[in-house]
Amino acid sequence: MKSYAARRAALIKQMQDKHGGIAILPTAPEVMRNRDADYPYRHDSYFYYLSGFDEPEAVIVLVAGEKNQAILFCREKNLEREIWDGYRYGPEAAREAFGFDAAYPISALDTEMPKLMANTPALFYALGSDRRLDKQVQGWLQAVRMQSRAGVVAPSIVHDVHVLLDEMRLVKDEEEIAIMKRAAAISSEAHRRAMMTCRPGLREYHLEAELLHEFRRNGSQYPAYGSIVATGANACVLHYRASNAEIKDGDLVLIDAGCELDSYASDITRTFPANGRFSGPQKALYELVLAAQAAAITEARPGKRFMDGHNAAVRVLAQGMLDTGLLDKDKVGSVDDVISKGAYQQFYMHRTGHWLGMDVHDVGEYREASVLQGEKPWRVLQPGMVLTVEPGIYVRPDPGVPEQFWHIGIRIEDDALVTESGCDIITAAAPKTVAEIEAVMKH
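Rules of the game
Residues numbered from 1 in each chain as written. Predicted model: local features only at pLDDT ≥ 70, side-chain atom pairs only at ≥ 80, totals over all residues. Heavy atoms only, no water. Helix = DSSP H or I, 4+ residues; strand = E, 2+ residues; numbered from the N terminus. Buried < 20%, exposed > 50% of the residue type's maximum accessible area, 1.4 Å probe, protein only. Contact = heavy atoms within 4.5 Å. Areas by Shrake-Rupley, 256 points an atom, 1.4 Å probe, with all protein chains shown as cover. Lys, Arg positive; Asp, Glu negative; His and termini not counted. Charge placed at Lys NZ, Arg CZ, Asp CG, Glu CD. Core = buried A, V, L, I, M, F, W, Y, C linked by side-chain atoms within 4.5 Å. Salt bridge = Lys/Arg side-chain N within 4 Å of Asp/Glu carboxyl O. Patch = residues over 30% accessible without salt bridge, like charges linked within 9 Å, V, L, I, M, F, W, Y side chains within 5 Å. 1 Å grid on protein atoms, 1.4 Å probe; cavity = no way out; pocket = protein on both sides within 12 Å on 5 of 7 lines; lining within 4 Å. Points joined across faces, edges and corners; volume = space filled by probe spheres on them. Pairing = 2+ DSSP bridges. Axes fitted to C-alpha atoms, helices over the stretch in contact; angles between N-to-C directions.

*Asks:* So what exactly am I meant to see when it comes to the overall build of the chain here?
*Replies:* Per the secondary structure count, the chain includes 14 helices and 19 strands. Each of the three principal axes of the chain carries a C-alpha extent, and together these read 80 × 55 × 40 Å. Residue burial in the chain is summarised as follows: out of 443 residues, 52% are buried. Here the analysis covers contacts within the chain between residues at least 6 apart in sequence; of these, 69% occur between residues at least 24 apart. Of the accessible surface of the chain, which amounts to about 20,700 Å², a share of 50% is contributed by carbon and sulfur atoms. Averaging the coordinates of the 50 positive side-chain charges in the chain and doing the same for the 62 negative ones gives two points 1 Å apart.

*Asks:* How should the nonpolar core be read in this particular structure?
*Replies:* Nonpolar side chains tend toward joint burial in soluble globular proteins. Among the nonpolar cores identified, the biggest contains 104 residues, and Leu11 and Leu72 are the most heavily contacted of them. The next biggest cluster of nonpolar side chains, apart from the first, holds 22 residues, and it includes Leu109, Met113, Leu123 and Leu141.

*Asks:* Help me understand the pattern of salt bridges, please; the structure alone is not making it clear to me.
*Replies:* A complete count under the given rule lists 26 salt bridges for this structure. Residues Arg95 and Glu92 are paired through a salt bridge, measuring 2.6 Å at the closest nitrogen-oxygen approach. A residue pair is termed a helical-turn pair when its members lie 3 or 4 positions apart in one helix, as Arg95 and Glu92 do in helix H4 (residues 91-98) at three residues. Here Arg95 falls in the partly exposed class, since its relative accessible area comes to 26%. When the shortest N-O distance is used, the salt bridge between Asp424 and Lys181 registers 3.6 Å. Placement of Asp424 in strand E19 (residues 423-425) and of Lys181 in helix H8 (residues 174-197) is noted, with a sequence separation of 243 residues between them. Since its relative accessible area comes to 27%, Asp424 is described here as partly exposed.

*Asks:* What's the story with a negative patch on the surface in this structure? I'm lost.
*Replies:* A cluster of acidic residues, Glu30, Asp36, Asp38 and Glu57, forms a negative patch at the surface. Among the structural elements, Glu57 can be located in the loop between helix H2 (45-51) and strand E4 (59-64).

*Asks:* What is the right way to look at empty space enclosed by the protein in this model?
*Replies:* Leftover empty space is mapped by rolling, across the atoms, a probe with the size of a water molecule. The full count for this structure, using the stated rule, is one cavity of 30 Å³ or more. Roughly 110 Å³ of internal volume is contained in the largest cavity. If you list the elements that add at least two residues to the lining of the largest cavity, you get helix H11 (308-324) and strand E15 (386-389).

*Asks:* I would appreciate a short explanation of the sheet that holds strand E11 (residues 252-257) in the present structure.
*Replies:* Think of a sheet as strands paired side by side through backbone hydrogen bonds, with each pair either parallel or antiparallel. Pairing is antiparallel in the open sheet, where three strands are placed in the order E10-E11-E14. Each edge of the sheet is formed by a strand with only one pairing partner; in this case those strands are strand E10 (228-231) and strand E14 (268-273). Between one strand and the next, the sheet's axes are offset by a mean angle of 10 degrees, whatever the strand orientation. Pairing geometry for E11 and E14, over six bridges, is antiparallel. From the neighbouring strand, Ala257 faces E14, where its bridge partner is Ile268. Sitting on the sheet, helix H9 (residues 204-217) is in contact with E10, E11 and E14, with an inclination near 150 degrees to E10.

Honestly, that's just the spatial picture; any functional story needs more than this.
Here is the structure:
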């Protein structure tokens, strides 16, 4: 609870630095899957970051003014609904449990908000994020403006509250890091389990089931995203979803999967041979991607820029593409030519990483915000940031490409916590080298 209250206080301080105002942050709505069945409920990350409260139909309101306030609007106690849906805190219990200054029923939102917004200079709200709430906010503003002849002033400035929170969320505190390390450990074991289970004749969904079992068995509430389990040519589809393709002898299997634990994501990709032994061409490309990842990881340290790791990985991959004959030197030229002309993008078309946190593609600008004109430089890494490092190579059939490499898709992804002296690969327990993978798959 202390961390949530401290985050609210930190946001209020930023609001005061902008001359005060009122912030409005809703949680996510419940969503119907079909007929009477809802999708499993997952709260909004911004809302949870400031509250720790995971019930639907709730809104946080922060007031930065002469008297600072943190207010929660939530569902009232309803013993009959609790028989069907489970426990509800209700406003008073939620106020006490989660450290708010005040709490009201969610049904009181339209009554209370015009009062709270009156005579506040600015509104801190993410316009366009919630169409239904946007309409309510417009109504509250109009209600305040209607009191102008009585001397009541409505907010005249709107700040995107998500921009302030993105900066806060980008650097993780000790509590967040501990959760992310545990999520990484669970996901690492899930990948190990999938490798040990895999054999030709199974289908992609069999391995997905092993992942989900390991996630849930160790306390993870959900997968952090839809698991990718792709065999053979399917591995060349970047956002492929685990399906029913048969895993065949001689194929590689690419698994991109991670669990969510206590609202924090992990994100791991491993690629391994279905029969437990890499072929010559598979091993050559696998070790190329592994070397590219090692080069990128070296750049994941304080003072380096976000894209430095990507650039390092691209140089290793580009040279490897020339060395293996994926790219014809006579046609594309030197490694510098391959990079400057983007010829490597035939086989590697995505960035080498992204921020990781409460969302698998977490919030935070990738470029510096201070430059007003021209191209902004890439963000400088600092301790507490968490990012993925995930180079890959994807070879589709093409007349100019050696046939021995056709249909090989490889990605290797780990989660890197930037530390004072470098980075900590928190997913290192997932087998990664050729020797480690082949040893695990013997059992």
